[in-house]
Amino acid sequence: MLSTFNTLALLTPPEAAEFLSVIPAAMVTIVVVAFILIDMFHRQGTPRDYLAYFSVIGLAATAAGCWYLWDTAADPEVFAYGPAFFGMLYFDQFALFFAALACISGALAMLCSPALLQSHRMDRGEYYLLILFSVIGMIVMTSAADLLTLFIALELMSIPIYVVAGFLRKDSRGAEASMKYFILGSISAALMLYGIALIYGAAGTTNLEMISQNLIYITDSGHEAYPMVILGMVLIMSGFIFKVAGVPFHIWAPDVYSGSPTPAVGFMATAFKAIAFAAMLRVMVVAFPAEVFRGGFFGLGWIDVAFFVAFASMVLGNFVAVVQKSVKRMLAYSSIAHAGYIMVGFVAANSHPDFYLHNDAILFYAVAYVFAVVGAFGVLSYFGRRGRAVETFDDLGELGLKYPFMGLVMGIFMFSAAGFPPTAGFLGKFYIFRSGVDVYAQSGETAMLVLVIVGVLTSVVGAYYYLKVLVYMYMKPAKKEFPPLEHKGTRWAVAICAAATLYIGMFPAQTIDISRDAVMDMSGVPTGAPEGAEIGGPHDVDIQAVIRAGEVRLEELVPDEDE
Amino acid sequence: MSWEPTLAHFLILSAAVFSIGLVGVMIRRNAIIVFMSIELMLNSVNLSFIAFARYRFEMDGHVFAFFVMAVAAAEAAVALAIVIHVFRHKRSVSVDELADLKY
């Protein structure tokens, strides 16, 4: 069978408007090329701070570009037929939202880096370059409309980071982190690839929307290709769960986080997670929307897999974080727990198409999480001088008193990560759990309520180890001296993170609107959006936009009562 | 009696090679062999793609296989660099040596 979609597409040259979809990735690519040219003329022996600032400005410009394109992306008349470039890339607000988030996370992490690199005598341009490459991969991944684009973007985002993990060459722990990350990351990529091959075999296409259309014929469990689809789906999902460090695939996270350069860990822990969740949301919602693949609760589809991952990540992440002695390992386990919380939102929003719009809770949580965690790793990198880096909780003694500014911002980040008002983290958790309770209230799924209760209880455990950081910083005696790596980049980065955390926590309306718009505008969603209009309540939906999003399903807005 | 390989034969071969690769990653101690096992996994997937593409008489799978090869080459470049990096520190490429990061 010849794929008719591709044949038709090949006869049509790309419209000029399609190039809008590559603008964010192209902007970062231009920054990369300019970076290489500038680095070529660098005079040996002088610091490379200006290269970091150059990359930060480039990424900030890209984020601003995403904001500039925001309204264009929602315009249904920009280009009418399907994804751009013969069904390869989406151009929608959802992609722009995560592209901007990846840029912001990368920029803040790079701003923290120069002092640390200089202290390790590894002040090299390649570090920033590799992070920029990874950001390009992330931007493409959020807009991927085809499993081929998705896989290439996944590798483009991961491979540079394997190198960054071992970038501090004289540190043998970095080498170990890099090796472990590479081996486990490649296995997960291979598993995901095998899943893609099986889905390709069953559906005969790698285009996400075509997959969902073709798989309708295989939803009967007696069909000979049915086991192949289920296996492929689970393998693809396992690749994503690895990237977000969800529980069965979380083993790498503590080792890699504690061995890698600290500011880069901020980038790995936040941008990777947010982007992998975005791509997982897109793939699972667009390509496998059928009820039988989704599974509901314990029909054992992908929602049930997500349910177990969420449950196990929250419990294991939080409880193991309690007993850690190293601060970075504690943050690594807490990031596993955060993956669990985001997964709760994922389960709640996608357990039934009616609740699809609740996905904005995930987007809001991702924003809150990025600022708090990049900032926390930024503060740790401030005390990361070579040979005298802060490692354990004991090392934190009195740092808050000696360095009041760093103590203050670390307090804000820890309160946000633990979920205390008035920080962004509180609202993030609130929206996640509220979406879960809402699903329970409207559908009566006890499983959902169990998940929310476990989430709330484990957050209490989380508060213990986050506040422990502050207790050590302010109330415990100093055992050793930790001369800070004074650098205005780090100060600016943590100040921006703290300001954003407080601002979003106190004035969340704008961020909520943006994340809701982004979810509403997600392209390729076959059934979710129109039914979403019926929810009402906390989400007052723009009915026109909903109808625009799913013109095909317009009749279904009016239920047929005779049947 | 003539015998022709069908789609199922290729898929079984591909699954077998993939499993060999996965087991190899888990039980072999030499980092280079581990890396070879990962390549084996990627290439067994290529076999699946090609078999499906031939079965359906379309080009998508062939194209995908080429992209996977390119990605595998990029991974090889990074992997060998990492192996050398580890060797400089440990004077060995055994993955058992990599046990500093746990406490």
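Residues numbered from 1 in each chain as written. Chains lettered and ligands numbered in written order. Predicted model: local features only at pLDDT ≥ 70, side-chain atom pairs only at ≥ 80, totals over all residues. Heavy atoms only, no water.

Structural notes on the overall build of chain A
Working step 1: Along the backbone of chain A there are 24 helices and 0 strands.
Working step 2: Buried positions account for 65% of the 563 residues belonging to chain A.
Working step 3: Intrachain contacts of chain A at a sequence separation of at least 6 include 80% that bridge at least 24 residues.
Working step 4: Element-wise, carbon and sulfur atoms account for 66% of the exposed surface of chain A, whose accessible area totals about 19800 Å². (Helix = DSSP H or I, 4+ residues; strand = E, 2+ residues; numbered from the N terminus. Buried < 20%, exposed > 50% of the residue type's maximum accessible area, 1.4 Å probe, protein only. Contact = heavy atoms within 4.5 Å. Areas by Shrake-Rupley, 256 points an atom, 1.4 Å probe, with all protein chains shown as cover.)

Notes on the overall build of chain B
Working step 1: Broken down by element type, chain B carries 3 helices and 0 strands.
Working step 2: Secondary structure elements in chain B, listed N-terminal to C-terminal, are α-α-α.
Working step 3: Expressed as lengths along the three principal axes of its C-alpha atoms, the size of chain B is roughly 55 × 25 × 25 Å.
Working step 4: A sequence separation of at least 24 residues applies to 52% of the contacts in chain B between residues at least 6 apart.

Side note on the confidence of the model for chain A
Low-confidence regions, as indicated by low pLDDT, have predicted coordinates that should not be scrutinised in detail.
Working step 1: Per-residue confidence for chain A gives a mean pLDDT of 86, with 90% of residues at or over 70.
Working step 2: For the stretch residues 528-544 of chain A, pLDDT sits under 50, and the model shows 40 contacts to residues farther than four places along the chain or on other chains. (pLDDT = per-residue confidence, 0-100.)

A closer look at a nonpolar patch on the surface
All names here are of chain A.
Working step 1: A contiguous nonpolar surface patch, about 490 Å² in accessible area, is contributed by Leu401, Leu408, Val471, Tyr474 and Met475.
Working step 2: Of all the elements, helix 20 (residues 446-475) adds the most residues to the nonpolar patch, at 3 residues.
Working step 3: Along the chain, tyrosine 474 falls in helix 20. (Patch = residues over 30% accessible without salt bridge, like charges linked within 9 Å, V, L, I, M, F, W, Y side chains within 5 Å. Salt bridge = Lys/Arg side-chain N within 4 Å of Asp/Glu carboxyl O.)

A few points about the pattern of salt bridges
Residue and element names in this part refer to chain A.
Working step 1: Tallied over the full model, the rule gives 12 salt bridges over all chains.
Working step 2: Of the charged contacts in the structure, one is a salt bridge between arginine 48 and aspartate 39, with a shortest N-O distance of 3.0 Å. The exposure classification of arginine 48 matches that of aspartate 39, with both residues buried.
Working step 3: The partner of lysine 402 in a salt bridge is glutamate 481, with the nearest N and O atoms 3.4 Å apart. A residue pair is termed long-range when its members are at least 10 positions apart, and lysine 402 in helix 17 (residues 399-402) and glutamate 481 in the loop between helix 20 and helix 21 (488-506) qualify at 79 residues.
Working step 4: Residues participating in the shared-partner salt-bridge network are Glu176, Lys180, Asp255 and Arg329.

Examining the interface of chain A and chain B
Accessible area lost during the coming together of the parts is what is often quoted as the interface size.
Working step 1: Counting residues at the interface gives 49 residues for chain A and 42 residues for chain B.
Working step 2: In this assembly, chain A packs against chain B so that about 4000 Å² is buried in total across both faces, 72% of it on carbon and sulfur atoms.
Working step 3: One can count 0 salt bridges joining chain A with chain B.
Working step 4: At the boundary of chain A and chain B, one finds 6 residue pairs in polar contact (both at pLDDT 80 or more).
Working step 5: Among the secondary structure elements, those contributing two or more residues to the side of chain A that touches chain B are helix 7 (147-165), helix 8 (172-203) and helix 11 (252-259) of chain A.
Working step 6: With 23 residues, the single largest contributor to the side of chain A that touches chain B is helix 8 of chain A. (Buried area = accessible area lost by both parts, 1.4 Å probe. Polar contact = N/O pair within 3.5 Å; in protein donor to acceptor, adjacent residues only side chain to side chain.)

Considering the nonpolar core
Working step 1: The biggest cluster of nonpolar side chains holds 246 residues, and the ones touching the most others in it are Phe98(A), Tyr181(A), Phe288(A) and Phe346(A).
Working step 2: Filtering out sequence-adjacent residues up to four positions away, Phe98(A) remains in contact with Thr142(A), Ala274(A), Ile275(A), Ala278(A), Leu363(A) and Ala366(A). (Core = buried A, V, L, I, M, F, W, Y, C linked by side-chain atoms within 4.5 Å.)

Comments concerning the packing of helix 1 (residues 7-27) of chain B against helix 2 (residues 31-56) of chain B
Residues and elements named next belong to chain B.
Working step 1: Between helix 1 and helix 2, the least distance of the axes is 8 Å, while the angle of their chain directions is 165 degrees. Here helix 1 is positioned roughly antiparallel relative to helix 2, judged by the angle of their axes. As for the relative orientation of helix 1 and helix 2, their crossing is left-handed in sense. Every residue of helix 2 that contacts helix 1 at Leu7, Phe10, Leu11, Leu13, Ser14, Val17, Phe18, Ile20, Gly21, Leu22, Gly24 and Val25 is listed here: Val34, Ser37, Ile38, Leu40, Met41, Ser44, Val45, Leu47, Ser48, Ala51, Phe52 and Tyr55.
Working step 2: When its residues are assigned to classes, the contact of helix 1 with helix 2 shows 18 nonpolar, 6 polar and no charged. (Axes fitted to C-alpha atoms, helices over the stretch in contact; angles between N-to-C directions. Parallel < 35°, antiparallel > 145°, perpendicular 65-115°, else oblique. Left-handed = near helix turned anticlockwise from the far one by under 90°. Nonpolar A, V, L, I, M, F, W, Y, C, P; charged D, E, K, R; others polar.)

Looking at unusual backbone geometry
Working step 1: A cis amide bond links Pro421(A) with the next residue in sequence, Pro422(A), at an omega value of 5 degrees.
Working step 2: The phi dihedral of Phe57(B) is positive, around 55 degrees, even though this residue is not glycine.
Working step 3: Position of Phe57(B) among the secondary structure elements: in the loop between helix 2 and helix 3 (60-90).
Working step 4: For Phe57(B), a relative accessible area of 65% translates into the label exposed.
Working step 5: Unlike most non-glycine residues, Arg91(B) shows phi in positive territory, near 55 degrees.
Working step 6: On the secondary structure map, Arg91(B) appears in the segment after helix 3.

Details of a negative patch on the surface
Working step 1: Together, Asp71(A), Asp75(A), Glu77(A), Asp513(A) and Asp517(A) line one region of the surface with negative charge.
Working step 2: Position of Asp71(A) among the secondary structure elements: in helix 3 (residues 49-74). (Lys, Arg positive; Asp, Glu negative; His and termini not counted. Charge placed at Lys NZ, Arg CZ, Asp CG, Glu CD.)

Side note on helix 12 (residues 262-287) of chain A
Working step 1: Taking 1.5 Å of rise per residue, the 26 residues of helix 12 of chain A would be expected to cover 38 Å, and the 37 Å separating its terminal C-alpha atoms lies within 8% of that figure.
Working step 2: Helix 12 of chain A sits mainly inside the fold: 26 of its 26 residues count as buried. (Expected span 1.5 Å × (residues − 1).)

Describing the packing of helix 16 (residues 360-382) of chain A against helix 22 (residues 509-520) of chain A
Residue and element names in this part refer to chain A.
Working step 1: Contact geometry of helix 16 with helix 22 gives a least axis separation of 8 Å together with a crossing angle of 130 degrees. The orientation of helix 16 with respect to helix 22, classified from their angle, is oblique. The two elements helix 16 and helix 22 cross, and the hand of that crossing is right-handed. The segment helix 16 lies against helix 22, with Asp360, Leu363, Phe364 and Val367 engaging Thr511, Ile512, Ser515, Arg516, Ala518 and Val519.
Working step 2: Looking at the contact of helix 16 with helix 22 residue by residue, the class counts come to 6 nonpolar, 2 polar and 2 charged.

Thoughts on the side chain of His487(A)
Working step 1: Structurally, His487(A) can be placed in the loop between helix 20 and helix 21.
Working step 2: Setting aside chain neighbours within four positions, we find His487(A) in contact with Asp49(A), Tyr53(A), Pro114(A) and Ala115(A).

Re the environment of Ala312(A)
All names here are of chain A.
Working step 1: Considering the arrangement of structural elements, one finds alanine 312 in helix 14 (residues 302-322).
Working step 2: Separated by 25 residues in the primary sequence, alanine 312 and alanine 337 place their C-alpha atoms 8.8 Å from one another.
Working step 3: The contact partners of alanine 312, leaving out residues within four places of it in the chain, are Val247 and Gly317.

Quick word on the environment of His338(A)
Residue and element names in this part refer to chain A.
Working step 1: For histidine 338, the position within the fold is in helix 15 (residues 327-350).
Working step 2: What makes histidine 338 buried here is its relative accessible area of 4%.
Working step 3: Along the chain, histidine 338 and methionine 314 lie 24 residues apart, while their C-alpha atoms are 7.2 Å from each other.
Working step 4: Residue contacts for histidine 338: discarding those within four places in its chain leaves Tyr365, Tyr369, Ala417, Lys429 and Tyr466.
Working step 5: Side chain to side chain, histidine 338 and tyrosine 365 meet in a polar contact 2.7 Å long.

Remarks on a positive patch on the surface
Working step 1: On the surface, a cluster of positive charge is made up of Arg121(A), Arg169(A), Lys170(A), Arg386(A), Arg88(B) and Arg91(B).
Working step 2: With respect to the helices and strands, the residue Arg169(A) is situated in the loop between helix 7 and helix 8.

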